[in-house]
Each structure stands twice: as C-alpha cells, then as structure tokens.
2 protein chains.
Amino acid sequence: MTEQMYHIALASRPEGAPEPANFRHEPKALPTPGEGEVLVRVHYMSLDPYMRGRMDDAKSYAAPVPIGGTMEAGGVGEVIASNDPKFKPGDFAFGMFGWASHGCLPGKMLRRVDPAQAPLTTSLGVLGMPGFTGWYGLMQHGRPQRGETLVVAAATGPVGSMVGQVAKALGLRAVGIAGGAEKCAMAVDKFGFDACLDHRAYDSASDLRKALADQCPNGIDIYFENVGGRVLAAVLPLMNPHGRIPICGMIAWYNAGGLGSGAQVAEPSAPALWRNILVRFLSVNGFIISNHWNRFPDFLAEIAPKVAAGEIAYAEDVAEGLENAPAAFMSMLKGGNTGKQIVKLV
Amino acid sequence: MTEQMYHIALASRPEGAPEPANFRHEPKALPTPGEGEVLVRVHYMSLDPYMRGRMDDAKSYAAPVPIGGTMEAGGVGEVIASNDPKFKPGDFAFGMFGWASHGCLPGKMLRRVDPAQAPLTTSLGVLGMPGFTGWYGLMQHGRPQRGETLVVAAATGPVGSMVGQVAKALGLRAVGIAGGAEKCAMAVDKFGFDACLDHRAYDSASDLRKALADQCPNGIDIYFENVGGRVLAAVLPLMNPHGRIPICGMIAWYNAGGLGSGAQVAEPSAPALWRNILVRFLSVNGFIISNHWNRFPDFLAEIAPKVAAGEIAYAEDVAEGLENAPAAFMSMLKGGNTGKQIVKLV
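Residues numbered from 1 in each chain as written. Chains lettered and ligands numbered in written order. Predicted model: local features only at pLDDT ≥ 70, side-chain atom pairs only at ≥ 80, totals over all residues. Heavy atoms only, no water.

1. Thoughts on the relation of the copies chain B and chain A
Just so we agree on the cut-off: Fitting of the copies onto one another was done by least squares over C-alpha atoms, counting residues only where both copies have pLDDT of at least 70. Throughout, a residue-residue contact means that at least one pair of heavy atoms, one from each residue, lies within 4.5 Å.
Once chain B has been moved 0.0 Å along the axis and rotated by 180 degrees, it coincides with chain A to within an RMSD of 0.0 Å. Both copies are brought into coincidence by an operation consistent with a two-fold rotation axis. When C-alpha distances to the rotation axis are compared across chain B, the minimum falls at Ala270(B), with a value of 2.1 Å. A high fraction, 100%, of the interface residues of chain B reappear at the interface in chain A, so the copies pair face to face through one surface.

Shown next, in the form of structure tokens:
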C-alpha cells in the first residue's frame, strides 16, 4: 500500500476574503525522492499574507496556485529520506513544502536549519523570510539615518517588529500601528517602539493622521509599507521631503477584488498618492524578498546573534494541525494573530 | 511721475481648469533696485504646467501664489539698472521675474545668459528648466541602460523631447505619447522617437495599453511621468520588473479639484498603482528640479554643445504680449501648444 501524506489544496479562487470552501484538506500519495531530492516531514509551516495573492489568477511576481494545487508555504521539518549527500535522515531543513505534512524537493532548494542554534520556529519568522523582509527593506530602500522617524504597521508582526527593532537600534524614533490595545502595548513593551497607535481606535484616516502627527513631531522619514489603505492615507501628508517608502505588501488591499483598476477604495486616491510622491520628493520602492536571497547570509550574520542574545525579541502565534491552517490563515488576514503565524504539524 | 510696469496677478483661485477671471492684467510701480539688486526688462517669459499648482492653496514644495500676487514664472531679459557689480545695463539674465514686464531681484538670484551663444528663448526651454528637468530626471532616477525601452508623454514638449532625445542617444528605444497626429509626426520626424502614439485616438486606457504594447515589444523599463491619469493607467501593466518611474509632474491631474483624497479619478486606482509598484519591483521617485540646480552646469556642459550642433532639436510656441499670457497658459494646460510655450514681451 502506498504511504500517504496530507495537503491543503486550493479548491476555488476567493472573491474578496477567502472562505473555508476555497480550501480542501485531502490525502495524497507520499512521494518517493528522485535523484538529488530530499523528503521532509514538516514540523512547522508558515502562514504569511503574501499567500492571499497567490490565490488570485492575476499577473504577479509569482505564478498563481493552480486550482487543485497545493497552497504555497515555507516550512521546516526533519529529513526522512534523502538522495542528496548534503542531507541525511534526522537533519532539519527549511523549504517551500507548501501547506502539507510532507515535502519532497531537490536538496539544493533546501536550507539547513540547526535546532541547537535556535528554536525551529524562528526559521519561519524572526530568522526567516519575514524577518529578512523587514531588515532588507529597511536597510536597502528605507536608508535609515539616526534621528529620523519611522512608521510601520502590523508592528507586532514578524516584519513590523523586525523593522521597529532595527530602526531603534540605529537611533531612529519608531512609531508602530497595530490592531487593538493589547498589540499596541506589546509593540512598546516587548519590541521597544516609542509609541504604537491602535488603528481601530480611529474612525477615519484623518483622525489617525492627527494621532500620528502627535507621535511624529518631526514628521515621518520612512514609512515601511505593508498594509496600504487607510494607514497609507494617514501617513502620506506627514511624510517629510525626501522620505522613503519601501513597499513589501499591502494587506489592507489584498481582498480588494483582485485590485484591478476598477477596485473601489475610498482613500487615498491615486492622484493624492502620486501628488504626494511628487511634492515631497519621495522614493517609493516595491520589492519582493525572494529576489534577494543572496543577502540572506548577511542578515543571519547580523541578526541571529542578536536573537540568541535576546537583543531582538519575537512573538509567535502557533495553531495546531494542518487541517486548521485555513482558519488560522483567514484569521490572520483580519489581524486575528499576535506575532508570527505558524502551524504546528508534528 | 513714477514709472510703470505691468504684471498679471492671481485674481482668484481656480476650481478645476483656470478661467480668464482668475487672472488680472494690471499696472504697478516700477521698482527701484535696492542694494545688490538688478532691474531687468523681460523679453521672454516661460509658461509651464507647474504654475497650475501654484494657483492652489495646497501644501506643496512651494508656497502658493497669494491672491493679488504676481503669477510665478521664469523669464529672460535685459538688465536696465544694476546695483550688483556682476551685472551691467545691456547684459542679459534669466530669473524668476514672474508674469511681468519687469523684474527686480538680487543679482545672486540671476543667471547670466549670452545671446551670442544661443537664442534667448532657449534659456527658458531646451537649455533651461524644462530641458534640465528631462535630463536630470532621466539620468538620476531613470537610470537608462542601452537596449531598454522608455515611454514619455507630452513628447513634443520641452521636457518630453529632451527625455526622448537623450534616451535615443544612449541607445534606448523611445516611445512617445502626444495629443494629435501632427505632434506625433513631429515627435518621430524632429525628435527621433521610434514611435509616438496619439492618446486622443484611443477611447480607453485599455486601448491605449494595447497600442503601447505593440510599440514596446520588450515591455517598458522607464516611464518618465509628467501626466498621470489615463496614460499612467495604460503604462503600468506594461512595466518590466525593476522598472523606474521618475515623476516630475502630472498635468492630467492638475485640475482634479485640488487633488485631495476625495478627488474622483476613475483610473488607475490607488491599490492598482501600489500593487504594480510592489509586484513589478518598481522604483518611483518624485523630484522637483529646483532642488538640483547644483547639477545645472553639468547639464549645460553636456547639452548646450549638442543644441548648438543641431544634435538636440527643440520646438517653441511663442505667444505675443503679456496680456495674452493667461490665454496661452489655459491653452497649454489642454495641450494647445506645440513645443515649449513662451510669451514674447518685447
């Protein structure tokens, strides 16, 4: 009898926010590793906002997940069979195994993870793609300077918390935005933000802007963009001349009907966006971290020791069981998680 | 009896497109130059799209023209009195004299112009602020590479024609957009664009995009932005990964009701704009040339000999008489000019 594994397939494309019916938890045959391939039993998988984009059939930097295909995700787990001499059973590795109990990939597409150096879960968050995204975007496109002011939303998330902590270490004022009083307290107490505003406490972009203005008396030099929408509308008029906006995501707009030119979003308007870039001499740079893995060793060399020393904090939110991944993902898109969203499979 | 001059004052702020009643042509006393000041009789003044922005009472990189104040403009003319030893009567100089027959400014705010080197009018266009804007924006933020494809609108204007000619000289494919068949022919025949599309010939951004796609078989690497609106919507989906968008203006949106967040513009939407910047890894940079006059000597050193040698062409559209400046300006905002819009005063 063929051994089985489980995966979560994309059953249908969502219209707006994903629903349970868009996902299908099902068994499939456990693959046998081919030449150079490694079979891994996934212990933890990552849930990230970018996965919402892969569910749409829109041109992007990555192909959409096909209907019936396995939802995309990074995961970390134990090697159980290997045809690559660099990996042996019992080793641990990170790879894009998908929303799945097991993954079979060429060894050259895996990254070795040492569970003695740091908990396995950190390879999905603070020392993985999200942490790297925050560090790279801030350093490369944010061009932080001591004394400047930075704003980032989802401040307790794995990207925002990295951005804030790196900015603070470089001598910037860091103001976070998060959903709810609990997360705001965590941003200040755990991650060292100078202040954190609860976006749910403001009825309009205008009210949020006034509160931000109070917390950013010298204006905003860097807005690390991961949400779009009302936060962007609030931030724009406060940007200083020659400000920088690295864009790594726009979670507030991921469910906006495929984001074609007809998407209805009240604010900011496109002319207001463009005008602010012009009259404030802003530098706006979109980036996707998968183009920049060559810098990952630099990131690890700088940040891993700080995590080990407790100088960089992190928060994780762990759901249990592959079958619960869709619910955790849908909740995360609404801000229901606190810290890096992970699913524990073993 | 006090000697008189004439100027055009901002009578009221426009709602949308400027109207004749927004301007007032009136006499005022001719100033007497103070210490270090120079009095100039303006021969030619410049009309530029940015002046529309100065008519609004919105926060920008420059203060708005006050009601009753002289409309802002650069001009070139003859020194008729001077308290600066660097200028003597009979010299010619460029300065921000406004929409006015005469101007009185500190000598250090003037730039000497030699009418033996090039016609006076070139100091307002091809060898002045607009030409410099095109050259600087392309070189600094466009980062052109041989073999790439560039798109610029207002292709026969003083900015667009400079951008196209510099791009061609660097080995890029240059595709222009202009209003009307005559301008399109001029873009190709006079300025050497590989192709030029008449935006009036397309009913929608989608149709314009298809025509652009035909002319840009390898996609678009640089979109030099000076119009916004439908052209931007057409260009965005054709941008190549790591494309660059220098923004020096957005004339299509200048009359959009002050461009606040409530401005109604059908396309592109803000989420579509932001999403394209993200998924195509675009670099978008707003700039205003007045921050970069330190580079003007480099520009002149490179471009003035090419203009003298006929290697860089230019077109001028000259209106006669200060009193006709408002009509020429209103026409220019609708694309009624062909080439750099100038007003001849003497």
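2. Describing the sheet that holds strand β13 (residues 283-286) of chain A
Counted only if it meets this: Note on pairing: two strands pair once DSSP finds at least 2 bridges between them. The numbering of helices and of strands both runs from the N terminus, where a helix is a DSSP run of H or I of at least 4 residues and a strand a run of E of at least 2. Helix axes are fitted only over the stretch in contact, all axes being lines through C-alpha atoms; the angle between N-to-C directions runs from 0 to 180 degrees.
The strand order β10(A)-β9(A)-β8(A)-β11(A)-β12(A)-β13(A)-β13(B)-β12(B)-β11(B)-β8(B)-β9(B)-β10(B) describes an open sheet built from twelve strands, whose pairing is mixed. Edge positions in the sheet fall to β10 (195-198) of chain A together with β10 (195-198) of chain B, since each of these pairs with one other strand and no more. Strand-to-strand twist in this sheet, taken as the mean axis angle between neighbours without regard to direction, amounts to 15 degrees. Judged from the five bridges that link them, strand β8 (residues 149-153) of chain A and strand β9 (residues 173-178) of chain A form a sheet pairing that is parallel. What sits directly across from Leu150(A), in β9(A), is Ala174(A). Running over the sheet, helix α2 (residues 129-142) of chain B touches β8 (149-153), β11 (220-224), β12 (239-247) and β13 (283-286) of chain B and is turned about 140 degrees from β11(B). Each of β8, β9 (173-178) and β11 of chain B touches helix α3 (residues 158-169) of chain B; the most contacted strand, β8(B), lies at about 165 degrees to it.

3. Section: the domain arrangement of chain A
Residue and element names in this part refer to chain A. Test applied: Residue ranges labeled as domains rest on an automatic or database domain assignment. In short, buried area is how much 1.4 Å probe accessible area vanishes from two parts on joining, totalled over both. Criterion for a salt bridge: a side-chain nitrogen of Lys or Arg within 4 Å of a carboxyl oxygen of Asp or Glu. By the criterion applied in these results, polar contacts are pairs of N or O atoms within 3.5 Å in which, for protein atoms, one can donate a hydrogen and the other can accept it, and in which residues neighboring in sequence qualify only through two side-chain atoms.
Here chain A is partitioned into domain 1 (4-125 + 314-344) and domain 2 (129-289). On a C-alpha basis, the centres of domain 1 and domain 2 stand 28 Å from each other. For the pair domain 1 and domain 2, the summed buried area comes to about 1500 Å², and 60% of that belongs to carbon and sulfur atoms. Where domain 1 meets domain 2, there are zero salt bridges. If you look at where domain 1 meets domain 2, you find four residue pairs in polar contact (both at pLDDT 80 or more).

4. Some remarks on the pairing of β9(B)
Residues and elements named next belong to chain B. What counts is decided by this rule: Remark: exposure states derive from per-residue accessible area (1.4 Å probe, protein chains only) relative to the maximum for the residue type, with buried under 20%, exposed over 50%, and partly exposed in between. Orient the strands so they point away from the viewer, and a crossover whose first-strand-to-second-strand path over the helix runs clockwise is right-handed.
Of all six residues in β9, five are buried; the element is thus mostly enclosed. With respect to chirality, the unit in which β8 leads through α3 into the neighbouring parallel β9 is right-handed. Sheet topology places β9 next to β10; four bridges connect them, and they run parallel. Paired with glycine 176 across the strands is cysteine 196, a residue of β10.

5. Considerations on the interface of chain B and chain A
Taken residue by residue, the interface counts 42 residues in chain B and 42 residues in chain A. For the pair chain B and chain A, the two sides together bury roughly 3600 Å², of which 68% comes from carbon and sulfur. When the buried area of chain B at its contact with chain A is split by residue, Trp274(B), Arg275(B) and Leu278(B) rank highest and sum to 23% of it. Connecting chain B to chain A are zero salt bridges.

6. Thoughts on the environment of Tyr6(B)
Turning to its location among the elements, Tyr6(B) is positioned in strand β1 (residues 4-10). Sequence separation of Tyr6(B) and Leu30(B) is 24 residues, and the distance between their C-alpha atoms is 8.4 Å.

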